[in-house]
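# Topology and contacts: notes
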Amino acid sequence: FDHVLTVTKNAGEAIILFKMLTEAENQKCLKFAGDCQAALQTLLPTLPIKDLERLKTTAADANRPDVVKMAEEAREMAQKALEAKKDEARKSLEETEDLEVLALSVGELTAQGWTEVRDEASKRFGKVLKSAMESADGKMLPKVAIAYNVAKEKKVHECAQMAEKQLRRYFEGNRDKGNVSCVYRLRHALVSEVDSHKDMKLFQAA
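Here we summarise the structure given alongside this text. (Residues numbered from 1 in each chain as written. Predicted model: local features only at pLDDT ≥ 70, side-chain atom pairs only at ≥ 80, totals over all residues. Heavy atoms only, no water.)

So, on to the nonpolar core. In this structure, Leu99, Phe125, Val144, Leu167, Leu186 and Leu190 are the most contacted members of the largest nonpolar core, which totals 37 residues. Secondary structure elements with two or more residues in this core: helix H5 (65–95), helix H6 (99–112), helix H7 (115–133), helix H8 (141–153), helix H9 (157–177), helix H10 (180–193) and helix H11 (201–205). Sort the elements by how many residues they give to this core and H7 lands first, with 7 residues. Excluding residues within four positions of it along the chain, Leu167 makes contact with Met133, Leu141, Val144, Leu186, Leu190 and Leu202. Counting 16 residues, the second largest nonpolar core, distinct from the first, contains Leu21, Leu44, Leu55 and Val67. (Core = buried A, V, L, I, M, F, W, Y, C linked by side-chain atoms within 4.5 Å. Buried < 20%, exposed > 50% of the residue type's maximum accessible area, 1.4 Å probe, protein only. Helix = DSSP H or I, 4+ residues; strand = E, 2+ residues; numbered from the N terminus. Contact = heavy atoms within 4.5 Å.)

As structure tokens, this is what we get:
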């Protein structure tokens, strides 16, 4: 039993075990509950907030205010650490001009469930994308095409749609003005940087 508590990294199992041992009307079990509490305490700094909330509920059900307090303090620390990580991510996003990095960030933040930061990353992607499309002689077209390709490959649909919309606007504007060299430049960027360019209606139109 001691060995299991020492090696377990499964907080869920430890929480269930703690509840069972606390509820058992047996002195040895209560001693083991104390050991289990100590094991949980070593796990606390590594636990996600949802597990800490679960532990708090379990401890309250088991009438263990000491463990409730322990879980609350750990949750507070975990929340502060999470906010610090989010602030760091925001700062990093504000400083980057790399469309590929921004597209990947939107995907990663979506997976992490950091909705507010993800929305900020998405807005930042749109802003940098617009700026890139306004660059002289379409010199940023390859970068935009790369970002489109990465976003599509990683299923970051909103970034892929934004990039394709801007590329289409560039194509239609230059097509209507008869700027053949610009249309060719777009076609070349798609051929060079987009794996599925042959299936793209935009490429076929160009």
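There's more to say after this.
Glancing now at H8. With 13 residues, H8 should reach 18 Å at 1.5 Å per residue; the first-to-last C-alpha distance of 18 Å fits that figure. Turning to H8, its buried residues are Leu141, Val144, Ala145, Ala147, Tyr148, Asn149, Val150 and Ala151. In this structure, the buried side of H8 is in contact with H6, H7, H9 and H10. Positive phi shows up at Lys155, right after H8, with a value of about 60 degrees. (Expected span 1.5 Å × (residues − 1).)

Before going further, it helps to spend a moment on the layout of surface pockets. Approximately 310 Å³ is the volume found for the largest pocket. What lines the largest pocket is a set of 13 residues, and nearest its centre among them are Pro45, Leu47, Pro48, Ile49 and Ala78. Put simply, the parts of the chain that give the lining of the largest pocket at least two residues each are helix H4 (49–61) and H5. The biggest single contributor to the lining of the largest pocket is H5, with 6 residues. (1 Å grid on protein atoms, 1.4 Å probe; cavity = no way out; pocket = protein on both sides within 12 Å on 5 of 7 lines; lining within 4 Å. Points joined across faces, edges and corners; volume = space filled by probe spheres on them.)

Time to look at the pattern of salt bridges. A complete count under the given rule lists 10 salt bridges for this structure. Glu53 is the partner of Arg75 in a salt bridge, and the nearest nitrogen-oxygen pair spans 2.9 Å. Note that Arg75 is positioned in helix H5 and Glu53 in helix H4, a separation of 22 residues in sequence. Overall, the relative accessible area of 36% leaves Glu53 in the partly exposed class. Each of Asp87, Arg90, Glu116 and Glu120 takes part in a single network of salt bridges with overlapping partners. (Salt bridge = Lys/Arg side-chain N within 4 Å of Asp/Glu carboxyl O.)

Position of Asp137 relative to the elements: it lies in the loop between H7 and H8. Along the sequence, Asp137 and Arg185 sit 48 residues apart, while their C-alpha atoms lie 9.0 Å from each other.

Relative to each other, H4 and H5 sit at 165 degrees, their axes nearing to 8 Å. In this view, H4 runs roughly antiparallel relative to H5, as classed from their interaxial angle. In the crossing of H4 with H5, the sense of the turn from one axis to the other is left-handed. Together, Ile49, Leu52, Glu53, Leu55, Lys56, Ala59 and Ala60 of H4 and Val67, Val68, Ala71, Glu72, Ala74, Arg75, Ala78, Gln79 and Leu82 of H5 make up the contact between the two elements. (Axes fitted to C-alpha atoms, helices over the stretch in contact; angles between N-to-C directions. Parallel < 35°, antiparallel > 145°, perpendicular 65-115°, else oblique. Left-handed = near helix turned anticlockwise from the far one by under 90°.)

Such coordinate-based values are descriptive only and should not be taken to indicate function.
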